[in-house]
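Okay, here's what each chain looks like letter by letter:
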Amino acid sequence: MVYTVIWYGKQGVVEMTPFDAEKEAREHARASFAARQQDDGVVAVEVRKPDGTVVFSQAGGSSGVDGGG
């Protein structure tokens, strides 16, 4: 199953990156958020299943909102 990490800026989607595993996608999103926020101006990140269900999201500060899974 492919999970997609979606990075959002103030104007919308900045980048979408596919991952083969949910854990790998979540870890990438968590580990990269602060740097992407500072370097690229991202305001939020989501990890989505192929059906569009959000399984992880993080916005603003450094605390994440876990959508379960």
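Residues numbered from 1 in each chain as written. Predicted model: local features only at pLDDT ≥ 70, side-chain atom pairs only at ≥ 80, totals over all residues. Heavy atoms only, no water.

Chemist: Would you mind showing me how to read the environment of alanine 59 here?
Modeler: Within the secondary structure, alanine 59 is located in strand E4 (residues 54-59). Assessed through its relative accessible area of 46%, alanine 59 is described here as partly exposed. On a C-alpha basis, the gap between alanine 59 and phenylalanine 33 in space is 8.7 Å, while along the polypeptide they are 26 residues apart. The residues touching alanine 59, leaving out its near neighbours within four places in the chain, are Phe33, Val43 and Ala44. (Helix = DSSP H or I, 4+ residues; strand = E, 2+ residues; numbered from the N terminus. Buried < 20%, exposed > 50% of the residue type's maximum accessible area, 1.4 Å probe, protein only. Contact = heavy atoms within 4.5 Å.)

Chemist: Any chance you could explain the nonpolar core here in plain terms?
Modeler: As a rule of thumb, nonpolar side chains are buried together in soluble globular proteins. By size, the foremost hydrophobic cluster in this structure holds twelve residues: Tyr3, Val5, Trp7, Phe19, Ala25, Ala29, Phe33, Val42, Val45, Val47, Val55 and Phe56. For this core, the elements supplying multiple residues, two or more each, are strand E1 (3-9), helix H1 (22-40), strand E3 (44-48) and E4. Apart from residues lying up to four places away in sequence, alanine 29 is in contact with Val5, Trp7, Val45, Val47 and Phe56. (Core = buried A, V, L, I, M, F, W, Y, C linked by side-chain atoms within 4.5 Å.)

Chemist: So what exactly am I meant to see when it comes to the environment of valine 43 here?
Modeler: Tracing the sequence through the fold places valine 43 in the loop between H1 and E3. Considering only alpha carbons, one finds valine 43 and lysine 10, 33 residues apart in sequence, at a separation of 6.6 Å.

Chemist: Where do I start with the pattern of salt bridges in this structure?
Modeler: It is possible for side chains bearing opposite charge to pair when their charged atoms get close. Within this structure, the stated rule accounts for five salt bridges. Measuring nitrogen to oxygen at the nearest pair gives 3.1 Å for the salt bridge that ties glutamate 15 to arginine 36. With glutamate 15 in strand E2 (residues 12-19) and arginine 36 in helix H1, this residue pair connects regions lying 21 residues apart in the sequence. Residue glutamate 15 is classed as partly exposed on the basis of its relative accessible area of 33%. On the basis of relative accessibility, which here comes to 14%, the residue arginine 36 falls in the buried class. (Salt bridge = Lys/Arg side-chain N within 4 Å of Asp/Glu carboxyl O.)

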